[in-house]
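So the chains spell out like this:
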Amino acid sequence: MMLRAQRDRYAIGYFEAWDTYSMEAVLETAEEENSPVIIGFGGMMLETEWLDHGGVALLGAIGSHYARRSQVPVALILNEAQSMGQIRQGIDAGFNTLMLDTSTWPWDDAVATVSEITEIAHRNNLTVEAELGCLPDATSEGIDDSAAFLTDPERAAEFVEITGIDCLAVSIGNVHLLTRHDAPINHAHLEAIHARVQVPLVIHGGTSFPAESIPHAIANGVAKFNVGTTLKKAYAEAAREAISKSTALSVHELMGSHKVTDWCEAGKKAMKERVRTLMRLYGSAGKALRHHPEARICPSPCEARADKGEAR
Ligand code: 13P
């Protein structure tokens with residue numbers, strides 16, 4: 001999906017979900033917009049204990065279920081997993097793309113671990129994303145760039161070559177979790193990476209990536225944008241408003257009913273409009289080949305192994 005996007009000059013959004021309502025928001029919009037999409041869940045914001053003790057398996061089951069029902073091409077990513085244990089659980093849970101957050105790791109450790117993941121993943125017909133460089137994080141006080149550094153173009157080429165990853169997330173001025181203003185993108189730095197790295201490039205921090213820089217990014221190898229914060233903000237604001245307006249109703253109407261009175265449905269509706277705007281900006285709207293054999297997730301690792309009569 002990403003190679004096709006890179007070749008045909010558009011990008012695919014990874015719109016990070018956290019539950020079934022948010023997952024439905026992403027997939028319904030992808031189908032309405034006839035857009036390929038990357039769905040999934042991220043480890044960065046989640047409680048490690050919960051993830052380790054059933055969380056990864058549950059999220060994989062939810063994501064696989066929705067992916068299989070989809071009419072448009074879908075990949076299912078376990079994004080920013082926190083440990084190799086979570087990656088292994090993610091493979092068994094049905095994710096078909098894996099990413100361990102090694103952005104702050106020493107070079108040798110990151111290379112060794114990401115190479116190991118790629119080796120296991122490719123054996124199981126799965127793909128791997130990794131990040132080189134480290135993004136600043138927005139905080140309530142401003143921007144924390146104490147651990148941040150830009151992706152070194154030469155090191156990026158070396159990293160891709162050694163590890164065999166399928167796509168590379170880069171740090172080019174993009175910022176995680178920022179909502180107050182756009183991030184200061186270094187276009188020349190992206191061009192230098194693109195000149196040396198052939199695999200599709202990924203931008204994390206999609207919330208604050210400037211709309212006017214999207215065409216330049218796509219022209220320079222970016223085939224995926226990761227989006228999180230703006231989706232939760234849109235959802236939370238709409239849900240809060242729906243709750244405040246509907247105090248007279250029964251809680252059963254307000255919560256989990258999937259009726260128009262359900263505040264989660266209000267959140268979902270607002271989230272869908274954010275996803276729609278971004279799919280159009282990324283140019284993925286209209287690019288799905290409906291009912292094409294690719295319009296479903298590739299076999300889960302268990303199915304692929306069973307087909308080949310292999311064990312992992
Ligand atoms: P934002 O929350 O800044 O959009 O970043 C999301 C992200 O990069 C998830 O990997």
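Residues numbered from 1 in each chain as written. Predicted model: local features only at pLDDT ≥ 70, side-chain atom pairs only at ≥ 80, totals over all residues. Heavy atoms only, no water.

**A closer look at the site of the ligand**
Logical step 1: Around the ligand, a shell composed of 13 residues is seen, among which Asn79, Leu177, Gly205, Thr207 and Thr229 lie nearest.
Logical step 2: His204 has a polar side-chain atom sitting 3.1 Å from an oxygen atom of the ligand.
Logical step 3: The contact in question runs from an oxygen atom of the ligand to an N or O atom on the backbone of Gly205, over 2.8 Å.
Logical step 4: Those elements that place two or more of their residues in the shell around the ligand are β3 (74–81) and β10 (222–227). (Near = heavy atom within 4 Å. Polar contact = N/O pair within 3.5 Å; in protein donor to acceptor, adjacent residues only side chain to side chain. Helix = DSSP H or I, 4+ residues; strand = E, 2+ residues; numbered from the N terminus.)

**Some points on the packing of helix α5 (residues 107–123) against helix α6 (residues 153–163)**
Logical step 1: Where α5 meets α6, the closest approach of the two axes is 9 Å, and the angle between their N-to-C directions is 40°. The angle between α5 and α6 places the two elements in the oblique class. Facing α5, whose interface residues are Trp107, Ala110, Val111, Val114, Ser115 and Thr118, α6 presents Arg155, Glu158, Phe159, Ile162 and Thr163. (Axes fitted to C-alpha atoms, helices over the stretch in contact; angles between N-to-C directions. Parallel < 35°, antiparallel > 145°, perpendicular 65-115°, else oblique. Contact = heavy atoms within 4.5 Å.)

**A closer look at a nonpolar patch on the surface**
Logical step 1: A cluster of nonpolar side chains, namely Met44, Met45 and Leu177, defines an oily patch on the protein surface of about 230 Å² accessible area.
Logical step 2: Topologically, Met44 is positioned in the loop between β2 (37–42) and α3 (48–69). (Patch = residues over 30% accessible without salt bridge, like charges linked within 9 Å, V, L, I, M, F, W, Y side chains within 5 Å. Areas by Shrake-Rupley, 256 points an atom, 1.4 Å probe, with all protein chains shown as cover. Salt bridge = Lys/Arg side-chain N within 4 Å of Asp/Glu carboxyl O.)

**Observations regarding the packing of helix α9 (residues 229–245) against helix α11 (residues 263–282)**
Logical step 1: Closest axis-to-axis distance for the α9/α11 pair is 7 Å, and the angle between their directions is 145°. You can see that α9 and α11 cross each other, and the crossing is right-handed. Across from Thr230, Leu231, Ala234, Tyr235, Ala238, Ala239, Ala242 and Ile243 in α9, the residues of α11 making contact are Trp263, Cys264, Ala266, Gly267, Lys268, Ala270, Met271, Arg274, Val275 and Leu278. (Left-handed = near helix turned anticlockwise from the far one by under 90°.)

**Points about the pattern of salt bridges**
Logical step 1: The full count for this structure, using the stated rule, is 18 salt bridges.
Logical step 2: We note a salt bridge from Glu33 to Arg276, for which the minimum N-O separation is 3.0 Å. Residue Glu33 is found in helix α2 (residues 20–33), and its partner Arg276 is found in helix α11; the two are separated by 243 residues along the sequence. Of the two residues, Glu33 and Arg276, both sit in the buried class.
Logical step 3: Among the ionic pairs, Glu237 bridges to Lys233, the shortest N-O distance being 3.9 Å. Residue Glu237 and its partner Lys233 are located together in helix α9, separated by 4 residues, close to a single helical turn. (Buried < 20%, exposed > 50% of the residue type's maximum accessible area, 1.4 Å probe, protein only.)

**Points about the pairing of β3**
Logical step 1: Here β3 lies mainly inside the structure; 8 of its 8 residues are buried.
Logical step 2: Across 6 bridges, the pairing between β2 and β3 is parallel. Within β3, the residue paired with Gly42 across the bridge is Asn79.
Logical step 3: Between the parallel pair β2 and β3, the chain is carried across by α3, and the sense of this crossover is right-handed.
Logical step 4: The pairing of β3 with strand β4 (residues 97–100) spans 3 bridges and is classified as parallel. Counterpart to Ala81 in the pairing with β4 is Leu100. (Pairing = 2+ DSSP bridges. Right-handed = clockwise from strand over helix to strand, strands pointing away.)

**Some thoughts on α6**
Each α-helix turn comprises 3.6 residues. Residues three or four places apart therefore point the same way.
Logical step 1: Those residues of α6 lying buried are Pro153, Ala156, Phe159, Val160 and Thr163. The buried residues of α6 occupy an angular sector of 115° when the element is viewed end-on, so they sit on one face.
Logical step 2: Those residues of α6 that are buried are in contact with α5, β5 (127–132), β8 (167–170) and α7 (187–196).
Logical step 3: Between the side-chain oxygen at the start of α6 and the backbone nitrogen of Glu154 there is a gap of 2.9 Å, and the oxygen is on Asp152.
Logical step 4: Gly164 occupies a position one or two residues after α6 and carries a positive phi of about 75°. (Arc of directions from axis to C-beta.)

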